Each structure stands twice: as structure tokens, then as C-alpha cells.
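# Architecture at a glance
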Amino acid sequence: MTADIVDAHHHVWQLSVRPQPWITGPGLAPLLRDFTLAELEPQARAAGVNTTVVVQTVSSEDETAELLALAAGPGPVGAVVGWTDLTAPDVAERVAALRELPGGGCLRGLRHQAQDEPDPRWLCRAEVRRGLRAVGAAGLAYELLVTPRELPAAVETARALPDVRLVLDHAGKPPVARGAREPWATHLAELAALPHVSCKLSGLLTEAGPAHAHPGALRPWTDHVLDAFGPGRVLLGSDWPVCTLVAPYTEALTTTRLLLDRLAPAERAAVLAGNARRVYGLPSPW
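Attention here is on the structure that accompanies the text. The residue count restarts for each chain, going from 1 along the sequence in the order it is written. Where totals are concerned, whole chains, interfaces and linings use all residues; where local detail is concerned, this predicted model gives features only for residues with pLDDT of at least 70, and gives and counts side-chain atom pairs only at 80 or more. Side-chain metrics rest on all non-hydrogen atoms present in the structure, leaving aside hydrogens and water.

## Observations concerning the sheet that holds strand 2 (residues 51–55)
Using the following cut-off: The rule for pairing is simple: two strands pair if DSSP sees at least two bridges between them. A run of H or I in DSSP becomes a helix once it reaches four residues, and a run of E becomes a strand once it reaches two; helices and strands are each numbered from the N terminus. Only the stretch in contact is used when fitting a helix axis, every axis being a line fitted to C-alpha atoms; angles between N-to-C directions are given from 0 to 180 degrees.
Across the sheet, eight strands lie side by side as 1-2-3-4-5-6-7-8; this open sheet has parallel pairing. Only two strands of the sheet have a single partner each, and these edge strands are strand 1 (6–10) and strand 8 (234–236). Ignoring which end each strand starts from, the neighbouring axes of this sheet average 25 degrees apart. Examined bridge by bridge, strand 1 and strand 2 share three bridges and lie parallel to one another. Bridge assignment links D7 to a residue of strand 2, and that residue is T52.

Below is the structure:
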């Protein structure tokens, strides 16, 4: 039996259907084209990926509906991390409405681009936490898309909401290229001390940039993630197509998998698939 692999973090978009206003500047220009499941699927299959988790990119329930419809069709998508307005007083009703859509049973989490909010303590606002409690009560995970600037607020919010299942995206976007481990390392360890928080080992190649996107440069950062969270709460993710700014899909996954070579076989299997299947309620492919 081949290894079970879940890609716990990727995106898709068609610019004619859903513009991506976050794609700005020359550095992101290669992303200004369509990236579809039809393009990803053969690459995922070649990399041994059995199941994927597709994640929202814009603050739009319409996009979430499109991703749910994608999950309802053929292909590897087993779960959707969508979006709704956390500050709305009717978050529970909004979640219920999304679940009634085609593919709504695949809605397993929600996310908001907290990293783009002017207020670094956006996650600590009363209306946001009210919304997060509704997300947790609905049985969904909430994904923390933050940078080191917002990590302290993420830690405070996680401590205040022990009943909400949280997932840190991209390991909190450490400044790998600059090599400045603090205060990221300390705040990551604080977040990892909370048992209801997991962490995606994703997006680090992008943070590293071409000059540092190799196992030797990435190992100190990934080792800190694995030491802090333990192999039982770390999930593998490609962050495709953003990863293509640095490396193609298969290479991005291969590089990350090489960084797991210190783990025992059972621990490696948990990071590659088992943890994602537990967090997102994904059935085994066998």
C-alpha cells in the first residue's frame, strides 16, 4: 500500500469568474492567470496525493459556494475552508446556509485574511470572537492567516477560545528570507502550547524565496514547528499555486517531505495525512 498523503492547503481560481485583488505588484505577477483543479489534479496524483483541502482566497461567500460545488464534483477535493463575515450577528445562520448548498457537507472550516486587517489585534475584537465561537459551535475549524505581527493576538484569542478548533496557516509566515527567528519563534511556541491549535507546514518556500527554498535553509524553521506542536498537530500543505513563485507543485511537496526525515514512520504518516484527516473529518481513501 502506498503512503496516504493529504494536501491540506491549496487554492484555485478563474480570474474571469472571481478576481483576486490581493495579487498585486511584480512579485506576484506570475499568479495573474487561471489556476484550476484540472491543472492541479494530475500534479497531485503524480505526487501521490489522495485528497486535498481547498482554501478560500477572497472575502466572498460566492467564492465559498463555488469551492463547495467543486468539492461536490469529481476529483481529489475532500474539504473546503471557506469564508463568511465573522463580525456579522448571524454567523450561525450564514454557516447553516452554506451547508445547504451543493457540496455543503464538505465545508469543514472558515478563514479570514486577518493578516490584511489594519488592526493587528483584529482577532481580539469582541464581535470577531463572537463569530469564532459560532464557528466552533458549528463544529468547524477556523484557520489563522497571520504574520508575526498578528501572532500575539492569535495567541490571546486561542487562549480565550479553548473550545474552537484552530489551525495556523503557513506556520505564521516566519521571515525565513531575513533569518529573524524572533519574536516568531516565541509566539509560535506559545500558540503550540494550546492543545486545540494545529499548524500547517505550508507556505514556507514562498517565505524563504528562491535563495533559501531548500531543506538546509528551511530545516531550523520546520524543526521548531515540529518541536513546538509535535508531529501529532502538524499538517502538510502545498500552498499551490502560490508555491509556484518558487517551486512547482511536486518539488514543493518533495522539499517539505524531506524535512520530515527526522520523524518515525508513524509520526511522518500523521503529518502527511492522518492529522489532516482528523482535523477536517476526512475518511481514509482505503
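## A few points about the layout of surface pockets
Cut-off, in case you're wondering: Note on definitions: the grid is 1 Å and covers protein atoms alone; a cavity is a set of points where a 1.4 Å probe fits but cannot get out; a pocket is an open set with protein on both sides within 12 Å along at least five of seven lines; lining residues have an atom within 4 Å of a point. Grid points are joined across faces, edges and corners, and a volume is the space filled by probe spheres set on the points. Each residue is assigned to one class: nonpolar for Ala, Val, Leu, Ile, Met, Phe, Trp, Tyr, Cys and Pro, charged for Asp, Glu, Lys and Arg, and polar for all the others, Gly among them.
As a volume, the largest pocket reaches approximately 440 Å³. Together, 20 residues line the largest pocket, and W22, Q115, L145, K173 and V242 are the ones closest to its centre. Residue classes in the lining of the largest pocket are distributed as seven nonpolar, eight polar and five charged. Taken as a whole, the second largest pocket spans an internal volume of roughly 220 Å³. The wall of the second largest pocket is formed by 13 residues, among which V12, W13, Q14, E66 and L67 lie closest to the centre. Broken down by class, the residue content of the lining of the second largest pocket amounts to seven nonpolar, three polar and three charged.

## Points about the pairing of strand 3 (residues 77–82)
Heads up, the rule is: For every residue, the accessible area obtained with a 1.4 Å probe (protein chains only) is divided by the maximum for its type, and the residue is called buried under 20%, exposed over 50%, and partly exposed between those limits. Handedness is read with the strands pointing away from the viewer; a crossover is right-handed when the path from the first strand over the helix to the second is clockwise.
Strand 3 sits mainly inside the fold: six of its six residues count as buried. Relative to strand 3, strand 2 runs parallel, the two being bridged by four bridges. Its bridge partner being in strand 3, V55 is matched across the sheet by V81. With respect to chirality, the unit in which strand 2 leads through helix 2 (residues 61–72) into the neighbouring parallel strand 3 is right-handed. Where strand 3 and strand 4 (residues 107–112) come together, three bridges link them in parallel fashion. Paired with V80 across the two strands is L107, which belongs to strand 4. Once the chain exits strand 3 it traverses helix 3 (residues 91–99) before rejoining the sheet at strand 4, and the crossover so formed is right-handed.

## Some words on the packing of helix 6 (residues 184–192) against helix 8 (residues 215–229)
We count it as follows: Any angle from 65 to 115 degrees is called roughly perpendicular, while one under 35 is roughly parallel, one over 145 is roughly antiparallel, and all others are oblique. In a left-handed crossing the near helix is turned counterclockwise from the far helix by less than a right angle, and in a right-handed crossing that turn is clockwise. We call two residues contacting when some pair of their heavy atoms lies within 4.5 Å.
Packing of helix 6 against helix 8 leaves a shortest axis separation of 9 Å and a crossing angle of 25 degrees. One element, helix 6, and the other, helix 8, form an angle in the roughly parallel class. Of the two possible hands of crossing, helix 6 and helix 8 adopt the one that is right-handed. Where helix 6 abuts helix 8, its residues W184, A185, L188, A189, L191 and A192 lie against W221, H224, V225, A228 and F229. In terms of residue class, the contact of helix 6 with helix 8 is built from 10 nonpolar, one polar and no charged.

## Re unusual backbone geometry
For the bond from E182 to P183, the omega torsion is 10 degrees, close enough to zero to count as cis. With respect to the element layout, P183 can be found in the loop between strand 6 (166–168) and helix 6. Of note, the amide linkage connecting W240 to P241 takes the cis form, showing an omega dihedral of 5 degrees. Within the fold, P241 resides in the loop between strand 8 and helix 9 (249–258). Here the phi dihedral of H170 falls at roughly 55 degrees; this positive angle occurs in a residue that is not glycine. Its place among the elements puts H170 in the loop between strand 6 and helix 6. The buried category is assigned to H170, whose relative accessible area is 5%. Here the phi dihedral of A171 falls at roughly 55 degrees; this positive angle occurs in a residue that is not glycine. Examined against the element boundaries, A171 turns out to sit in the loop between strand 6 and helix 6. Judged by relative accessible area, A171 falls into the buried class, the value being 0%.

## Structural notes on the packing of aromatic side chains
The criterion, for reference: Here a pair means two rings of Phe, Tyr or Trp (six-membered ring of Trp) with centres within 6.5 Å. Their orientation is stacked below 30 degrees between planes, edge-to-face above 60, and tilted elsewhere. Only lysine NZ and arginine CZ atoms are considered, and such an atom sits over a ring when it is within 6 Å of the ring centre and within 35 degrees of the ring normal.
Under the defined criterion, the tally for this structure stands at four aromatic pairs. Geometrically, the ring pair formed by W13 and F35 is edge-to-face, given 5.5 Å between the ring centres and 75 degrees between the ring planes. Of this pair, W13 sits in the loop between strand 1 and helix 1 (37–46) while F35 sits in the loop between strand 1 and helix 1, and the two are 22 residues apart along the sequence. On the accessibility criterion, W13 (3% relative accessible area) is buried. With a relative accessible area of 2%, F35 lands in the buried category. Grouped by ring-pair contacts, the aromatic residues W13, W22, F35 and W240 constitute a single cluster. Cation over ring: R33 sits above F35, and NZ or CZ is 3.8 Å from the ring centre. Taking the ring centre of W221 as reference, the NZ or CZ of R181 above it sits at 5.6 Å.

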